[in-house]
Amino acid sequence: MASLTELSIRRPVATAMFYLVVVTIGIVGFRYLPVDLLPPIELSRLTVYTMYPNVGPEEIEQIITDPVENALSGLPNLERVTSRSSEGSSFVSLEFAQGTPIDEATNDVRSALDRIRGSLPPEVTAPGIWKFDPNNISIVTIAVTSTRDLESTTRILERDLGQRFEQIPGVGRLEVRGGIHREIRINLHRDRLQAAGLTPSDVQQALARENTKLPGGNVKEGVKDLYVRSLGEFDSVDEIATSIITYVDGNPIRVRDVADVEDGYEDVRFLSELAGTPIVRLQVQKQSGANTVTVADAIRAEVDRVNLERSDIHLEVISDQSTFIRQSIDTVTNSALWGGLLAIFVLYLFLRNGSSTFIIAIAIPISVIATFGVLYFGGMTLNQMTFGGLALGIGMMVDNGIVVLENIVRQREEKGMSLTQSALVGTREVVGAIVASTLTTSVIFLPLVFMKTTTGELFKALALVVVFSLACSLIAAMTLVPVLSSRFLSVKAGGKGNAKPKHSAFQRFFSRLEVRYSESLRGAVGRRWSIFGTSAVLVVGAVLLLPLIPVELAPPTDADNISVSMDMAEGTNIAVVKAYLNELEQNVRPLLPMDEVDQLSSEVRFGNAVVEIQLKPTGERTVNSQELADHIRKQLSGLVPGIAVRV
């Protein structure tokens with residue numbers, strides 16, 4: 001270690017070039033680091049979902065859920081299986097042991113499902129596998145309003161605008177909610193079917209037989225080979241109505257004879273409104289590893305372009321996860337910045353020397369920038385935890401540099417050494433102490449890296465950043481601080497024959513404080529049993545008070561969004577849910593400071609609904625979102641009978 005310091009002092013140009021390379025790598029790495037709210041969290045959970053439209057829950061359980069559960073129950077490392085069967089859908093949730101590689105588990109699940117695919121009815125959609133990832137939720141939700149009807153708006157959104165958003169780099173899956181799709185309904189008459197001796201299956205088979213497009217092979221015509229196909233698909237509702245089901249006594253029985261054919265719309269599954277106006281929601285997910293902030297900015301730019309190009313459709317962003325990420329990261333960044341500035345200010349108060357303060361002030365940002373380079377090559381992201389680790393590490397980054405610098409100044413002032421000699425001797429004397437101190441601190445955080453729980457995944461990034469930043473600060477303290485001290489330190493040499501350096505009023509005050517502290521230590525040593533007893537009482541009291549401290553995964557934050565959701569009994573008609581939602585919204589509106597509310601939207605689904613309150617940014621409002629949510633929760637408790645409300 002000492003030889004590294006000596007080499008740095010003897011080769012100052014090489015040392016400067018090394019740190020210029022480090023700074024360049026760190027700055028470039030910082031530009032390309034993905035930005036997210038949280039580190040990637042891999043939960044050992046999978047959900048297998050299967051759709052079988054228009055089939056009751058009991059039949060779903062017998063036909064789909066039980067076979068899927070039996071096929072998956074023997075998977076390795078599987079700890080728990082739960083299932084939910086509802087009308088038209090089956091969900092089987094799998095919980096694996098902590099630390100199970102989720103990709104390998106997914107392959108095992110896929111292989112087990114392939115073995116039972118042939119035993120499921122042909123109308124059943126192929127089972128899908130859903131893997132939960134907090135970073136794969138919708139990052140942007142867009143409200144689409146139009147002068148057109150909802151059906152044509154939905155079609156334009158899916159076929160035209162959706163493709164434009166899919167082409168944005170980093171955009172993953174798009175989901176259209178609240179739209180309406182065209183559907184041809186064939187309403188059968190039971191008495192007519194019975195009179196003709198037919199069943200609904202006969203009608204279904206006849207329509208499937210008539211609505212076909214079949215290949216007809218190739219036909220040679222002279223020097224040409226022509227591809228032949230039969231065009232048998234329906235082109236109009238009238239063709240469906242006139243399709244022949246069967247013949248009775250030589251007379252054709254057509255679809256219109258036993259049913260009414262209606263050109264209508266499919267049943268509504270979602271209802272979305274923005275300020276009372278029906279809308280279609282476009283929810284955009286990002287690709288894994290993409291920069292959330294960059295993708296969200298590109299989506300907003302595309303929204304602005306669409307609004308300029310089209311007058312019949314208007315897009316409005318009603319939810320943007322990048323806004324909260326920016327606010328969170330800006331808060332942590334400001335805390336880290338102010339922490340560094342305050343550390344430099346306090347250091348100046350003690351040293352009262354501009355060159356000494358300058359040396360430490362240079363070492364701090366270089367250590368931070370070097371950490372960005374390590375994050376980039378480590379495949380990590382910029383998020384609340386990594387920035388929190390930097391904010392935590394900045395306070396400890398200063399320690400190594402201060403210890404080295406203070407000892408260099410002492411060698412200069414007390415022994416009158418030259419700048420080069422004091423830098424070398426001063427660093428060599430404390431290098432063992434700062435290495436031990438850095439390793440001791442790193443050992444405290446390193447166990448978090450090996451935790452396999454969700455909390456461990458969350459705090460692993462913080463631990464790694466703290467360890468990286470401390471390692472960078474240690475290298476800077478052993479190389480950069482001695483080099484800068486040997487060149488720029490303006491402390492005058494002391495020692496024999498030289499006048500003692502003058503101390504400032506603050507330094508004289510601190511010296512008197514040290515004297516009083518040493519005197520108080522003598523009194524404490526003389527009353528050791530009193531000190532031990534008081535410490536024991538404090539430790540026991542802290543342990544007893546520990547259960548009274550609230551426990552949460554993450555501290556509450558002042559977000560800009562409040563969701564008021566309501567749940568009703570499974571199978572409740574969507575019209576009934578909408579009626580209850582209207583009543584809930586009427587009770588919510590008087591509780592809101594509307595001058596501080598940016599948007600108010602709602603969405604209805606089968607059995608549940610939600611009112612989403614988008615507040616103005618934190619700097620533009622006076623109300624705290626947590627306090628407002630608590631107030632709404634208290635006022636709505638038991639107010640609307642028949643529904644369960646969560647805020």
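Before reading further, recall that the structure is shown in the block above.
Residues numbered from 1 in each chain as written. Predicted model: local features only at pLDDT ≥ 70, side-chain atom pairs only at ≥ 80, totals over all residues. Heavy atoms only, no water.

Engineer: How would you summarise the sheet that holds strand β1 (residues 45-51) if you had to cite specific residues and measurements?
Structural biologist: With respect to topology, four strands assemble into an open sheet ordered β2-β3-β1-β4, the strand pairing being antiparallel. Bordering the open sheet on either side are β2 (78-86) and β4 (128-131), each of which pairs with just one other strand. When strand polarity is set aside, the average angle formed by the axes of neighbouring strands in this sheet is 20 degrees. Strand direction decides the pairing type here: β1 and strand β3 (residues 89-96), joined by seven bridges, are antiparallel. Note that in β3 the partner of Thr50 across the bridge is Ser90. Most of the contacts of helix α3 (residues 57-72) go to β2, to which it runs at about 165 degrees, and overall it touches β1, β2 and β3. Along the sheet, helix α4 (residues 102-116) contacts β1, β3 and β4; its crossing angle with β1, the most-contacted strand, is approximately 30 degrees. (Pairing = 2+ DSSP bridges. Helix = DSSP H or I, 4+ residues; strand = E, 2+ residues; numbered from the N terminus. Axes fitted to C-alpha atoms, helices over the stretch in contact; angles between N-to-C directions. Contact = heavy atoms within 4.5 Å.)

Engineer: A description of the environment of Leu405 should follow, citing residues and the corresponding values.
Structural biologist: Following the sequence through the fold, Leu405 ends up in helix α13 (residues 384-415). Considered as a pair, Leu405 and Val203 are 202 residues apart in the sequence and their alpha carbons are 91 Å apart.

Engineer: So what's going on with the nonpolar core? Which residues, and what values?
Structural biologist: By size, the foremost hydrophobic cluster in this structure holds 30 residues, and its most contacted members are Val404, Leu405 and Leu489. For this core, the elements supplying multiple residues, two or more each, are α2 (12-32), α11 (321-351), α12 (354-377), α13, α14 (419-445) and α15 (454-488). Broken down by element, this core gets its largest block of residues, seven residues, from α15. Core analysis: the second largest hydrophobic core is formed by 29 residues, Val35, Phe445, Ala461 and Val467 among them. (Core = buried A, V, L, I, M, F, W, Y, C linked by side-chain atoms within 4.5 Å. Buried < 20%, exposed > 50% of the residue type's maximum accessible area, 1.4 Å probe, protein only.)

Engineer: An account of the pattern of salt bridges is requested, with residue identities and associated values reported.
Structural biologist: A complete count under the given rule lists 20 salt bridges for this structure. Residue Arg305 pairs with Glu302 through a salt bridge whose shortest N-O separation is 2.6 Å. In this pair, Arg305 and Glu302 both sit in helix α10 (residues 292-309), three residues apart, roughly one turn of the helix. Owing to a relative accessible area of 7%, Glu302 belongs among the buried residues under this scheme. Overlapping salt bridges, with partners in common, bring together Arg148, Asp160, Arg310 and Asp312 in one network. (Salt bridge = Lys/Arg side-chain N within 4 Å of Asp/Glu carboxyl O.)

Engineer: Give me the lowdown on unusual backbone geometry, citing residues and values where you can.
Structural biologist: One non-glycine residue, Asn77, lies in the positive phi region at around 65 degrees. Considering the arrangement of structural elements, one finds Asn77 in the loop between α3 and β2. Positive phi, normally seen in glycine, also occurs at Asp249, with a value near 55 degrees. The topology assignment puts Asp249 in the loop between β10 (244-248) and β11 (251-254). Assessed through its relative accessible area of 75%, Asp249 is described here as exposed.

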